[in-house]
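Summary of the model geometry
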Amino acid sequence: MSSRQPRPSQGGPGIVCVGLGPGDPELMSVKADRLVRGARQVAFFRKKGRPGKARQLVDGLLAQGAAEHAMEYPVTTELPVDSPAYVDLLARFYDDWCLRLEALAQTGQVVVLCEGDPFLYGSFMHLYTRLRERGQVPLDVVPGIPGMVGCWHATGEPITWGDDVLSVMTGTLSEDELVRRMQTAEALVVMKVGRNLPRIRRALQRTGRLEAAWLVQNGTTDSEQVARLGDVSDDACPYFAIVLVHGQGRRPEAAW
């Protein structure tokens, strides 16, 4: 097991990634809020030509004059995620930004913004492992409420009961693999939906779980949409959507 990196001192040189939570600014941790408001340098991921989801979550919170560094992905959906070209482009992208963040951190603390929790399918994980291995600058990560938590609260229903097993998977899996995993758990969370929604829907149909599935888009934000998946078309489903199937396990019944 590798030793933990030294953490940045209060406002001192180093890199801190802050989990911003599921979308509602009031669900951000006190620590994350303090770091965001006090940041003099912020970095965030975004698709070219887009504002960036994490950056949108801190609108109105950044100090005047804070320097912003947009880390623009060289590729998103243009190539298959398992293709050598995709892997090579992303590897070089993360290598480059690892070095750039280290250089920026020499002049003062850099706060990296990450929606949800940085260690749950977050892009920062790829930078974190590189930065930790190099050990050139103090490094820390602030946890955040995962987006899926905000989404299952948006449905108004508990996600698990009693002995229910919860399985979290990505919509980028093959249909057969989705089916296999859906058959082994009582409660389901499917992330990275977007253009994968038709395949997710077919997998749910094959496992007899489509009628119980929900689709939550932009959970906890002003643009939140919650609907039964069976009532929603496959058109224009955003990447930041989550499919949920609630567990129905053991529970004490009310006496009345």
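Above this note sits the structure.
Described below are features of the structure shown in this document. This is a predicted model, so every value here is computed, not measured.

Considering the pairing of strand β7 (residues 187–191)
Along β7, 5 of the 5 residues are buried, which leaves the element largely enclosed by surrounding structure. Across the two faces of β7 the burial is the same, with Ala187, Val189 and Met191 and Leu188 and Val190 all buried. Pairing analysis gives 5 bridges linking strand β6 (residues 166–170) to β7, with the strands arranged parallel. If you follow Thr170 over to β7, its bridge partner there is Met191. With 3 bridges connecting them, β7 and strand β10 (residues 241–245) associate as antiparallel partners.

Concerning the sheet that holds strand β3 (residues 67–72)
The 5 strands lie next to each other as β3-β2-β4-β1-β5, forming an open sheet whose pairing is parallel. Two strands lie at the open edges of the sheet, namely β3 and β5 (139–142), each paired on one side alone. With direction set aside, neighbouring strand axes in the sheet form an average angle of 20 degrees. Of the pairings in the sheet, the one linking strand β1 (residues 15–19) to β5 comprises 4 bridges and is parallel in character. Across the sheet, the residue bridging to Ile15 is Leu139, located in β5. Helix α1 (residues 30–38) contacts β1, β4 (110–114) and β5 of the sheet and is inclined by roughly 130 degrees relative to β1. The strands that helix α4 (residues 124–134) touches are β1, β2 (41–46), β3, β4 and β5; relative to β5, the one it contacts most, it runs at about 150 degrees.

Cut-offs and rules
- Residues numbered from 1 in each chain as written.
- Predicted model: local features only at pLDDT ≥ 70, side-chain atom pairs only at ≥ 80, totals over all residues.
- Heavy atoms only, no water.
- Buried < 20%, exposed > 50% of the residue type's maximum accessible area, 1.4 Å probe, protein only.
- Helix = DSSP H or I, 4+ residues; strand = E, 2+ residues; numbered from the N terminus.
- Pairing = 2+ DSSP bridges.
- Axes fitted to C-alpha atoms, helices over the stretch in contact; angles between N-to-C directions.
- Contact = heavy atoms within 4.5 Å.

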